[in-house]
Amino acid sequence: MPAGRICRVSSRARAQPAVARTSFERAIKLNDGYLPARMALAGELLAGNDIDKARTLLEQALATQGNQPALRAVLGDIAYRQQRYPQAIEQLNEALRLDPQANSINAALARVHEAAGNAEAARAAQAKAGDVPPLLDDPLMQRIVPAVDTRSAQAPVATDPVQLAIGEANFLAAAGNYAAARAALDKAVRTTPNNAILLANYARIEIAAGNLEAARSRARAAVGADPKSVQAWIIQAVVLEIANDDNAAIDAYRRALAADPKAVRAHIGLGNIAMRTGKPSDAVAAYRAVVTSAPDNTEAWARLLAAQSVVGQCAAAVREANDNAARQKDNPLFAELRIRAVSTCPAATAAQKQAVLLEGQKLYTATNENLAQISEAYALALAANGKWEDAAQTQGAAVYEAVRAGDQIAVAQYREFYQRLQAKQMPAHPWPDSHPLIKPQRPSLPARAPAAKPAG
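Structure report, in brief. Treat the numbers as computed from the prediction; the structure is a model and nothing was measured. Here the residue index of a chain counts from 1 through its sequence in written order. Totals for whole chains, interfaces and linings use every residue, but because this is a predicted model, local features are given only for residues with pLDDT of at least 70 and side-chain atom pairs only at 80 or more, for both listing and counting. Hydrogen atoms and water are omitted, and side-chain values are computed over all heavy atoms in the structure.

### Focus: unusual backbone geometry
At step 1: Within the chain, glutamine 83 stands out as a residue other than glycine whose phi angle is a positive 60 degrees.
At step 2: For the purposes of this entry, the term helix denotes a DSSP run of H or I that reaches at least four residues, the term strand denotes a run of E that reaches at least two, and both are numbered from the N terminus. Looking at the element boundaries, glutamine 83 is found in the loop between α7 (69–81) and α8 (85–98).
At step 3: At asparagine 244, a position not held by glycine, the phi torsion is positive, near 65 degrees.
At step 4: Within the fold, asparagine 244 resides in the loop between α16 (230–242) and α17 (246–259).
At step 5: We classify asparagine 244 as exposed; its relative accessible area is 56%. Accessible area is worked out with a 1.4 Å probe on protein chains only. A residue is then buried under 20% of its type maximum, exposed over 50%, and partly exposed in between.

Printed below as a string of structure tokens:
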């Protein structure tokens with residue numbers, strides 16, 4: 001079943017399950033929220049028939065990452081194995097809702113319906129079955145450069161050796177084992193030396209390892225292998241941004257868009273450069289291109305709201321934020337965007353400000369996720385309604401959450417608004433001026449701990 005196999009990587013093909021399991025367990029210890037490593041470990045557990053442990057491992061991720069279609073698909077597979085057919089159908093249907101392109105899930109649904117005795121539903125699902133597996137986002141690597149969706153009905157992720165090598169390399173890199181990550185990719189490069197996707201991902205690994213020259217070489221090879229590869233041009237652009245060559249990076253992003261006019265990361269890359277270089281109107285146009293083709297992309301809407309606030313288009317931003325929140329009533333991220341947009345816009349009416357105050361209070365009291373940023377949004381709503389003391393105290397809670405998490409960059413950002421609210425000064429933008437949505441940071445190599453000095 002493709003959904004059940006999605007998280008197996010080539011360590012298993014090399015008959016090294018113990019090595020793979022150790023690597024994934026280490027990756028989870030280093031970053032408990034890193035879902036790809038958790039999925040990979042679940043795959044190893046399922047291969048060893050430890051179904052209950054795999055189920056527990058993945059259900060722990062549902063609270064924070066339940067919007068990941070691959071997670072839902074594998075939980076559906078587990079429920080099927082345990083003969084919990086209603087739960088299996090529920091999980092698989094949710095995976096399909098999250099990723100309608102993933103037609104391999106229909107084959108899984110067919111099996112579940114057949115096992116549950118619903119032959120008609122099984123036939124209907126099987127008629128829509130295909131080879132495209134559900135997406136599994138890789139947020140760790142996306143902090144460096146988000147990967148383009150490279151799925152193909154002819155080369156499903158679960159069986160394509162190149163994709164397996166890329167998956168294994170990312171898991172190993174997450175555990176800090178860059179030498180092993182390179183070894184996995186080198187093996188694939190020897191087999192398919194001119195695969196642009198493989199070479200682009202190799203460049204991503206080199207960036208994560210802090211090796212700019214090696215990343216530059218791999219990115220150059222990727223665009224040489226396929227000048228129409230979106231992912232190759234995007235990684236090339238990121239390498240150029242790291243090297244402080246924004247003009248060349250802009251050209252690379254535009255080449256990515258020539259290959260795919262809807263390439264999200266190319267538009268966002270152009271928008272970020274525009275924001276960083278004092279051209280917010282250009283950023284508005286770039287981010288607008290994303291939300292036009294992907295209206296549910298909350299990141300793009302957040303970036304658009306930030307750019308609109310900088311160019312003085314907050315009234316339009318409020319209208320769009322209201323529309324989005326009404327359309328996505330169950331999505332707290334869109335609710336947060338509306339609260340920030342209305343609270344910081346001078347054109348917002350008193351009724352609108354009162355409405356987001358109630359919404360902010362509801363969100364603040366109900367959520368256990370993203371508490372710091374929700375606290376900040378609620379603090380803005382309080383301030384917009386003249387409740388300055390409560391606003392400062394609530395923003396102080398955001399500072400506390402950032403301190404507790406040990407995120408010094410976030411602490412500085414939350415303190416920026418805290419000081420303003422203490423002084424009864426309404427912020428001009430929905431986020432602090434130092435926030436990456438207002439001032440996107442230039443991509444850079446990861447910081448490395450200084451080498452220990454020799455004893456004596």
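### Concerning the side chain of glutamate 320
At step 1: With respect to the secondary-structure elements, glutamate 320 resides in helix α21 (residues 314–327).
At step 2: We classify glutamate 320 as buried; its relative accessible area is 18%.
At step 3: In this structure the side chain of glutamate 320 is engaged in a polar contact, spanning 2.6 Å, whose partner is the side chain of arginine 288.
At step 4: By definition, residues are in contact when any of their heavy atoms lie within 4.5 Å. The residues contacting glutamate 320, other than those within four sequence positions of it, are Arg288, Trp301, Leu304 and Gln308. Throughout this description, a polar contact denotes any pair of N or O atoms lying within 3.5 Å of each other; where both atoms belong to protein, one of them has to be capable of donating a hydrogen while the other can accept it, and for residues adjacent in sequence the pair is counted only when both atoms sit in side chains.

### A few points about the nonpolar core
At step 1: Core analysis: the largest hydrophobic core is formed by 46 residues, its most contacted members being Leu185, Leu198, Ile205, Ile207, Tyr253 and Ala266.
At step 2: Counting residues per element, the ones that place at least two in this core are α12 (161–174), α13 (178–191), α14 (196–208), α15 (212–225), α16, α17 and α18 (264–276).
At step 3: Element by element, the count of residues in this core is highest for α16, at ten residues.
At step 4: What leucine 185 contacts, discounting residues up to four positions off in sequence, is Ala165, Ile166, Ala169, Leu198, Tyr202 and Ile205.
At step 5: Among buried residues, those of type Ala, Val, Leu, Ile, Met, Phe, Trp, Tyr and Cys that are joined through side-chain atoms within 4.5 Å constitute a nonpolar core. Counting residues in hydrophobic clusters, the runner-up holds 44 residues, among them Leu304, Leu305, Leu337 and Ala377.

### Here we look at the state of the cysteines
At step 1: Our working definition of a disulfide is a cysteine sulfur pair at a distance within 2.5 Å. Considering all chains together, one arrives at one disulfide under this definition.
At step 2: Two residues share a disulfide in this structure: cysteine 314 and cysteine 345, whose sulfurs sit 2.1 Å from each other. Taking the torsion about the S-S bond as the criterion, the cysteine 314 to cysteine 345 disulfide, at about 60 degrees, is right-handed. Of this pair, cysteine 314 sits in helix α21 while cysteine 345 sits in the loop between α22 (332–343) and α23 (350–366), placing them 31 residues apart in sequence. Assigned by exposure class, cysteine 314 and cysteine 345 land together as buried.

### Digging into the environment of glycine 312
At step 1: With respect to the secondary-structure elements, glycine 312 resides in the loop between α20 (298–310) and α21.
At step 2: Overall, the relative accessible area of 63% leaves glycine 312 in the exposed class.

### Remarks on the packing of aromatic side chains
At step 1: Working definition: rings of Phe, Tyr and Trp (its six-membered ring) pair if their centres are within 6.5 Å, and the pair is stacked with planes under 30 degrees apart, edge-to-face with planes over 60 apart, and tilted otherwise. Throughout the structure, instances matching the rule amount to two aromatic pairs.
At step 2: For the pair tyrosine 80 and tyrosine 85, a centre-to-centre distance of 6.4 Å together with 45 degrees between the ring planes defines the contact as tilted.
At step 3: Ring centres of tyrosine 364 and tyrosine 378 lie 5.1 Å apart, and the angle between their planes is 35 degrees; this geometry places the pair in the tilted category. With a gap of 14 residues between them, tyrosine 364 in helix α23 and tyrosine 378 in helix α24 (residues 371–384) connect regions that are remote in the sequence.
At step 4: A ring has a charge above it when a Lys NZ or an Arg CZ is no more than 6 Å from the ring centre and no more than 35 degrees off the ring normal. The ring of phenylalanine 334 has arginine 327 lying over it, and the distance from NZ or CZ to the ring centre is 5.8 Å.

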